[in-house]
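# Survey of secondary and tertiary structure
Each chain is listed here by its residues.
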Amino acid sequence: MPIFDYKCRGCGNKFELIVLKGTVVACPSCQSADLEQMLSAFSVSTDEMSRARVKKARARYIASKDVKDKHVAEAEDIREHMGEIPPPPPPKKS
Ligand SMILES: [Zn+2]
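Quick notes on the rules
- Residues numbered from 1 in each chain as written.
- Predicted model: local features only at pLDDT ≥ 70, side-chain atom pairs only at ≥ 80, totals over all residues.
- Heavy atoms only, no water.
- Helix = DSSP H or I, 4+ residues; strand = E, 2+ residues; numbered from the N terminus.
- Buried < 20%, exposed > 50% of the residue type's maximum accessible area, 1.4 Å probe, protein only.
- Donors = N, O, S within 2.8 Å, 3.2 Å for Na, K, Ca; no water.
- Tetrahedral: all angles 85-135°; square planar, octahedral: opposite > 155°, others 65-115°.

## Focus on the environment of K14
In this structure, K14 sits in strand β2 (residues 14–18). C-alpha separation for the pair K14 and E36, spaced 22 residues apart in sequence, amounts to 9.3 Å.

## Here's the deal with unusual backbone geometry
Unusually for a residue other than glycine, Q31 sits at a positive phi of about 65°. Along the chain, Q31 falls in the loop between β2 and β3 (35–38). Taking relative accessible area as the criterion, Q31 reaches 56% and is therefore assigned exposed.

## Description of the coordination of the zinc ion
Looking at the zinc ion, one finds its protein donor set to be C8 (SG), C11 (SG), C27 (SG) and C30 (SG), positioned 2.3 Å from the metal centre. Each of the four donor atoms around the zinc ion contributes to a set of angles spanning 104 to 117°, which defines the coordination as tetrahedral. Read in sequence order, the donor residues for the zinc ion give the motif C-x2-C-x15-C-x2-C. Here C30 lies in the loop between β2 and β3 and C8 lies in strand β1 (residues 3–8), a separation of 22 residues in the sequence. The class of C8 is buried, set by a relative accessible area of 2%.

Printed below as a string of structure tokens:
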């Protein structure tokens, strides 16, 4: 999504605007079309932020999968030794 930063030359208002095809760019506070387009750090930073978030989420997922596998292995081990007794439910966090 193309998000641009603008500064209104009329009232000095700074705002971000999603500019789609046919969007009329105007200041939301004074409706002036006399705007200065600024270098948008917003779209770049969100892109990088979401990439970092995906990386973190993936790391968390891998870690939790590991833990889960260990729990399953433990549970199966217990079942083998104790017959048909179901394993206790995993401890709930929070
Ligand atoms: Zn304005």
